[in-house]
Amino acid sequence: MLSSLALLATGLASLAQAQSQNSTFYNPVLPGWNSDPSCVTVPEWDFTTFCTTSSFLMFPGAPVYATKDLQHWKLASNALNRPEQLPELNLNQGNQNEGIWASTIRYREGVFYLITSYVQFYDWGPMILLFTTTDPYDDASWSQPLIIENPANDIDPDLFWDFDGTVYMSVAAGIYISEVDLETGAATDPIRVWNGTGDRNPEGPHIFHKDDYYYLLIGEGGTELNHSVTIARGESATGPYYGYENNPIQTARFTDWYFQTVGHADLFQDRNGNWWGASLATRSGPEWEIFPMGRETVLYAVTWEEGEWPILDPVYGEMTGPLPATNMDIPGDGHWITDPDEVDFEPGSSLPRHWGYWRPPHTDLFEVSPEDHPNTLRISPGSVNLTATADYVPAEDTLAFIARKQSATAFNFTVDVEFEPTLANEEAGITVFLTQLQHIDLSIVNLPACNGTRNIPRLRLRAEVSGKVDEVAPEEVLIPVPRSWRSAPIRLSAAAVTDTEYVFGAAPAARPEEYVELGTASARITSGGSGPFTGTIMGAYATNNGGQGETPAYFSRWRYHQVAQKIDHDTWIPV
């Protein structure tokens, strides 16, 4: 008979063998706009893997996701969650791609570090920001950012602690490395350690020490169809670094694969010691024309033998790898990424933490369950509409818009709106939004009657395409709100049943069988153009279009249901 110790050893060996067997999983693991991923697994937090992605002008920003099994992902917190952490996010320099770019998340001695860059194009002076916390599930615990000197004047900062405690920051367009003081923010003059393989835009650096080498992992080729992952190694954190002769170690360029633009990687280990990688990718095929969700986070297994170079699996929709055992024991009240939105704005409730705004909001425009309209979200009209104006000043002008990310290829989105406008051009509705220059809006808008003697509410479907050269907007649809629908909530809907087109419609909330389809719009409108780095969000808004109107809109019964993901040219899977 085996002893208890032998039985335990046998059980552990069997468990390890079972956990090392490959399982099937599907990409993207963080669907919807989740670009430039960085990940770290923390044994002290029950081997939870924490990943962060870029947020650009969205607020809250710098999201942090948590998973224990690499299959089920939950929003843990947003490192940028208070306007005073980054007042500059409320500047308008005329570019829709400014904001928080390409963070790195790391953990050391009880502290989480999230280092990132705030970018504005006016004079290209990226700010390096360091946020810290001891509780990644608590928004309020994230610190005010420490400003780190940026002597290389570049982006995509990485942090690496050497054995002697020296902290190094590497940044893009070089790659440059400086020593940094995490108490004062001081940085030494940068050393240029590698320029990649000669392709353009060497960026997204991450340093690792494994066996007897320091490895420098970067992205190259630009975040388009030529994107790739390359690697070098040396015997010191400051180089010299020597590139791998078989670079790139990951790319989709020159292929007909559905997942394209693969690059900007980070590597990490799971609780079983297996290596994994996360990169960004677009579900665009080599045509790279329609990809409304933008750059998403994909996962893949990595083989990294002692003393050897890492081997990264190519990125497909259906993958295999030695996944950890299923474990959904993630604390906090964050949103599981595959869960639907079923929000009824009950009294005393708060807005879901995965919702956000285009720049920090004027919070007085939003109220959950006001006394005179319980179970609604009141949105008071903003002074500008979703496109705003060339002289839009976010800190002064008001944009009343709240949204969540499109996170599935096929989805249904409906919101009931009670809106009784009185003045001309008062408007409230829903939108599928990429940037202020590319969005598709379905609204109730008060417009003059044909005889000009009064205003009547109309249903309007129209698209803004000024941010996309050569894109032709569909013809505007404008019909009077039927008299039998007025003075009661109207259900506005946006849906996608294919990966190329949105369908918009409306019905009285009390009689959904009276649904009227207003029209369709191509998902090409919300792909690329003025938002090459971002992805589609959808939500509700109210505006007086620069007029004097003050009529609020009351939104209720917010529903967003993910239906299916397209994971290959002809392959769909249900959510």
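What counts and what doesn't
- Residues numbered from 1 in each chain as written.
- Predicted model: local features only at pLDDT ≥ 70, side-chain atom pairs only at ≥ 80, totals over all residues.
- Heavy atoms only, no water.
- Disulfide = S-S within 2.5 Å.
- Helix = DSSP H or I, 4+ residues; strand = E, 2+ residues; numbered from the N terminus.
- Buried < 20%, exposed > 50% of the residue type's maximum accessible area, 1.4 Å probe, protein only.
- Phe/Tyr/Trp six-rings, centres within 6.5 Å; stacked < 30°, edge-to-face > 60°.
- Pairing = 2+ DSSP bridges.
- Axes fitted to C-alpha atoms, helices over the stretch in contact; angles between N-to-C directions.
- pLDDT = per-residue confidence, 0-100.
- Contact = heavy atoms within 4.5 Å.
- Core = buried A, V, L, I, M, F, W, Y, C linked by side-chain atoms within 4.5 Å.
- Polar contact = N/O pair within 3.5 Å; in protein donor to acceptor, adjacent residues only side chain to side chain.
- Salt bridge = Lys/Arg side-chain N within 4 Å of Asp/Glu carboxyl O.

(A) Local environment of the state of the cysteines. The full count for this structure, using the stated rule, is 1 disulfide. Across a sulfur-sulfur distance of 2.1 Å, Cys-39 and Cys-51 are joined as a disulfide pair. As the torsion about the S-S bond is roughly 110°, the Cys-39-Cys-51 disulfide counts as right-handed. A residue pair is termed long-range when its members are at least 10 positions apart, and Cys-39 in strand E2 (residues 38-42) and Cys-51 in strand E3 (residues 48-52) qualify at 12 residues. Of the two residues, Cys-39 and Cys-51, both sit in the buried class.

(B) Representation of the packing of aromatic side chains in the model. This structure, assessed with the given rule, holds 34 aromatic pairs. Measuring from ring centre to ring centre gives 5.1 Å for Phe-50 and Phe-112, while their planes differ by 75°; the resulting arrangement is edge-to-face. Taken together, the residues Phe-50 in strand E3 and Phe-112 in strand E8 (residues 111-119) connect sequence positions 62 residues apart. The class of Phe-112 is buried, set by a relative accessible area of 0%.

(C) Structural detail: the sheet that holds strand E7 (residues 99-108). Strand order in the open sheet made by the 4 strands is E7-E8-E9-E10, with antiparallel pairing throughout. Edge positions in the sheet fall to E7 and strand E10 (146-148), since each of these pairs with one other strand and no more. The mean angle between the axes of side-by-side strands here comes to 25°, regardless of whether they run parallel or antiparallel. Judged from the 3 bridges that link them, strand E9 (residues 127-133) and E10 form a sheet pairing that is antiparallel.

(D) Broad picture of the pairing of strand E35 (residues 490-496). Burial of E35 is extensive: 7 of the 7 residues sit out of reach of the surface. Side chains Ile-490, Leu-492, Ala-494 and Ala-496 of E35 all project onto a buried face; the interleaved residues Arg-491, Ser-493 and Ala-495 project onto the opposite face, where all are buried too. Where strand E30 (residues 410-418) lies against E35, 7 bridges are found, and the strand directions are antiparallel. Residue Thr-414 lies in a different strand from E35, and its bridge partner there is Ser-493. As judged from the 6 bridges shared by E35 and strand E36 (residues 501-508), these two strands associate in the antiparallel manner. By the bridge assignment, Leu-492 is partnered in E36 with Ala-506.

(E) Layout of the confidence of the model for the protein chain. Scored by pLDDT, the protein chain has a mean of 95; 97% of the residues are at 70 or more. Throughout residues 1-19 the model reports pLDDT below 50, and contacts reaching past four residues in sequence, or to other chains, amount to 7 contacts.

(F) Seen up close, unusual backbone geometry. Of note, the amide linkage connecting Asn-27 to Pro-28 takes the cis form, showing an omega dihedral of -5°. Looking at where Pro-28 falls in the secondary structure, it is placed in the loop between strand E1 (23-26) and E2. Notably, Asp-211 is not glycine yet its phi reads approximately 55°, a positive angle. Assignment of secondary structure puts Asp-211 in the loop between strand E15 (203-210) and strand E16 (213-220). Given the relative accessible area of 30%, Asp-211 is considered partly exposed. Despite not being glycine, Ser-487 has its phi angle at roughly 65°, a positive value. A residue is classified by how much of its surface remains accessible, and Ser-487, at 61% relative accessible area, is exposed.

(G) Quick peek at the nonpolar core. In terms of nonpolar packing, the biggest core is built from 47 residues, with Ile-379, Phe-413, Phe-504, Phe-555 and Trp-558 touching the most fellow members. Trp-33, Leu-57, Ile-155 and Tyr-392 belong to the second-largest nonpolar core, a separate cluster that totals 45 residues.

(H) Spotlight on the side chain of His-373. Its location among the elements puts His-373 in the loop between strand E27 (366-368) and strand E28 (377-379). Polar side-chain contacts of His-373 include one of 3.4 Å to the side chain of Glu-418. Not counting residues within four places of it along the chain, the set of residues in contact with His-373 comprises Glu-418 and Tyr-554.

(I) Layout of the pattern of salt bridges. Under the definition given, this model contains 22 salt bridges. Here Asp-199 ties to Arg-253 by a salt bridge, and the two come within 3.1 Å at their closest N and O atoms. With Asp-199 in the loop between strand E14 (191-192) and E15 and Arg-253 in the loop between strand E19 (250-251) and strand E20 (259-269), this residue pair connects regions lying 54 residues apart in the sequence. Residue class for Arg-253 comes out buried when judged on its relative accessible area of 18%. Across the salt bridge formed by Arg-460 and Glu-427, the nearest N and O atoms sit 3.2 Å from each other. Of the two residues, Arg-460 sits in strand E33 (residues 455-464) while Glu-427 sits in strand E31 (residues 427-435), which places them 33 residues apart along the sequence. Taking relative accessible area as the criterion, Glu-427 reaches 3% and is therefore assigned buried. One network of salt bridges, in which partners are shared, links Asp-46, Lys-68, Arg-271 and Asp-329.

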